[in-house]
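Now for the letters of each chain:
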Amino acid sequence: MTVAFLDDEFVPLEEAKISPMDRGFLFGDGIYEVIPSHGGKLIGLDLHLARLENGLNEIGIKIPWSRDQLTNIFTELMERNGNGNLGVYLQITRGVTMKRNHAFPANTPPTLFAYTFDIPAPSSGDPGKVTHWKVTTRQDLRWQRCHLKTTSLLGNVLHMMEAVDEGESEILLFDANNRLTEAAACNVFVVHNNEVKTPPLDQHKLAGVTRDMALHILRVHSSLNVREIQITKEEVLSADEVWLSSSTKELAPVVSIDGQLVGDGVPGPVWVQAQSLFDQHRFDHFE
Ligand SMILES: Cc1ncc(COP(=O)(O)O)c(C=O)c1O
C-alpha cells in the first residue's frame, strides 16, 4: 500500500480524494516536482525546491510550506513507503473555489499532494544494465511556457503518445527552425567528437535538474568539452551519441532515432564515462 500526503495528513493513496472544483483538476493550474531518492536520501533536493519556488512565484501561487516543512513531509513519506528507490512526486495547485472562473482568486489556500512511486535502482554506467532508448521525432507543438513545470501536460502527453503509437518510448522535439528543444519528458544531450552539447535554456524547455547536475559534474570532474548551444536536427541525426536526461532515468542512452542507429546502436563510451561520474556524484550537494 502506498502512503500519500494530502490536506496536511498521511493517507493511503487509494483513499486520497480532492474536490472536482480544485483548479488543478479544472485547469491544470498547478506546479509539480519529481525528486528521486535512494535509501531515504533525496537527490538534488535544493535544485528541485528552487525550481518549485520559481514556478509557483511565476504563476502567482503563494507557498505556505517552508523548505524544512516540505523536506519533513518527503522524509516521512519515503519512510512510510519503505525508503527504497523512490520518486517523490509533489504537486501544488491553486486550490478549490466554488466558482469556475479562468481569472484566479487572490487568496485560495493551495492544495498540496505528494506520494512516492518506484524508480529504477541507481545506474553505474554499465551498458548491459541500462535501457537502450529508441525514439522518434516531431515538431514541438507545445506552448511557449515549457520552462514551467506545470501540471498542464497535455502537449507533452500527446507528443509521448506519438512515440508510443510508433512503438518507441520517447520523442525528440524540434522547433519550427529544426532546432532541438527537448523530449516529451526529458532533456536531451548529444555527443560529437567527444564534445558534449545540450541546447541552452529558454521558455521552450524545462530547466531539468538532471541536466543541470550533469553539466556541473562533467565540467568539474571530466576533461570533456561541454557546451550549451543550439543543435539542429541534422546534427542530432549525425551525432556519435544521444542521451536523454531526467530525474528518474539519470542519463539514458538513445540507440536509435526514427529507426536509424545512433553511432553503433549501443550506449557509447562518453555515456559510460558520464553516467559513471553521475553515479559517483549524485548525492553531492548542488545549489
Ligand atoms: C518536459 C521535461 N523536460 C525535462 C525533464 C527533466 O527534468 P528533471 O531532470 O528535473 O527530471 C522532464 C522531467 O520530467 C520533463 O517532463
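Please read these numbers as outputs of a predicted model, since none were measured by experiment. Along each chain, residues carry numbers from 1 onward, in the same order as the chain's sequence is written. Whole-chain, interface and lining totals are the exception, using all residues; otherwise, since this is a predicted model, local features are given only for residues with pLDDT of at least 70 and side-chain atom pairs are given and counted only at 80 or more. As a convention, hydrogens and water are excluded, and side-chain values are obtained from all of the structure's heavy atoms.

Asker: Give me the packing of helix H5 (residues 209–221) against helix H7 (residues 269–281): which residues, what numbers.
Answerer: In helix packing, the relevant descriptors are the interaxial angle and the interaxial distance, both defined with respect to the helix axes. It is at 10 Å that the axes of H5 and H7 come closest, and there the two elements cross at 100°. Between H5 and H7, the interaxial angle falls into the category roughly perpendicular. In this structure, H5 contributes Thr210, Met213, Ala214, Ile217, Leu218 and His221 to the contact, and H7 contributes Ala274, Leu277, Phe278 and His281. The residue makeup of the contact of H5 with H7, split by class, is seven nonpolar, three polar and no charged. To obtain each axis, a line is fitted to C-alpha atoms, and for helices this fit is confined to the stretch in contact; angles are then taken between N-to-C directions over 0 to 180 degrees. Note on conventions: DSSP H or I runs of at least 4 residues are helices, E runs of at least 2 residues are strands, and numbering of each starts at the N terminus. For classification purposes, angles smaller than 35 degrees are called roughly parallel, those larger than 145 roughly antiparallel, those between 65 and 115 roughly perpendicular, and all remaining angles oblique. Throughout, a contact is declared for two residues whenever any of their heavy atoms are within 4.5 Å. Three categories are distinguished: nonpolar for Ala, Val, Leu, Ile, Met, Phe, Trp, Tyr, Cys and Pro, charged for Asp, Glu, Lys and Arg, and polar for the others, with Gly belonging to the last.

Asker: Tell me about the domain arrangement of the protein, residues and numbers included.
Answerer: Boundaries between domains were set according to an automatic or database domain assignment. Its domain assignment divides the protein into domain 1 (3–118) and domain 2 (127–281). Averaged C-alpha coordinates put domain 1 and domain 2 at centres separated by 26 Å. Listed per partner, the contact involves 20 residues of domain 1 and 16 residues of domain 2. Note: buried area is the sum, over both parts, of the accessible area (probe 1.4 Å) each one loses when the two are combined. Roughly 1,400 Å² is buried in total at the junction of domain 1 and domain 2, and carbon and sulfur atoms are behind 64% of that figure. A per-residue breakdown of the area domain 1 buries against domain 2 is headed by Tyr32, Leu47 and Arg51, which together make up 41% of the total. Salt bridges, as used here, are contacts in which a Lys or Arg side-chain nitrogen is within 4 Å of a carboxyl oxygen on Asp or Glu. At the boundary of domain 1 with domain 2, the tally comes to zero salt bridges. Contacts described as polar in this section are N or O atom pairs within 3.5 Å, which, within protein, must combine one atom able to donate a hydrogen with one able to accept it, while residues neighboring in sequence count only if both atoms come from side chains. Across the contact surface, domain 1 and domain 2 share eight residue pairs in polar contact (both at pLDDT 80 or more). Of all the secondary structure elements, the ones that give two or more residues to the side of domain 1 that touches domain 2 are strand E3 (30–38), helix H2 (45–59) and strand E5 (85–93).

Asker: Go over the packing of aromatic side chains with me, naming the residues and quoting the values.
Answerer: In summary, the pairing rule links any two rings of Phe, Tyr or Trp, Trp by its six-membered ring, whose centres are within 6.5 Å, and it sorts them by plane angle into stacked for under 30 degrees, edge-to-face for over 60 and tilted for everything else. Applying the stated rule across the entire model yields seven aromatic pairs. Between Phe5 and Phe10, the aromatic rings sit 4.9 Å apart at their centres with planes inclined by 65°, giving edge-to-face as the arrangement. Taking 5.7 Å as the distance between ring centres and 55° as the angle between the ring planes, the aromatic pair formed by Tyr89 and Tyr115 counts as tilted. Of the two residues, Tyr89 sits in strand E5 while Tyr115 sits in strand E6 (residues 111–118), which places them 26 residues apart along the sequence. With relative accessibility at 23%, the residue Tyr115 sits in the partly exposed group. Over the ring of Phe283 we find Lys41, and its NZ or CZ is 4.4 Å from the ring centre. For a Lys NZ or an Arg CZ to count as sitting over a ring, it must be within 6 Å of the ring centre and within 35 degrees of the ring normal. Positioned above the aromatic ring of Phe104, the side-chain terminus of Arg94 is 3.4 Å from the ring centre. Per-residue accessibility, obtained with a 1.4 Å probe over protein chains only, is compared with the maximum for each type, and a residue is labelled buried under 20%, exposed over 50%, and partly exposed between these values.

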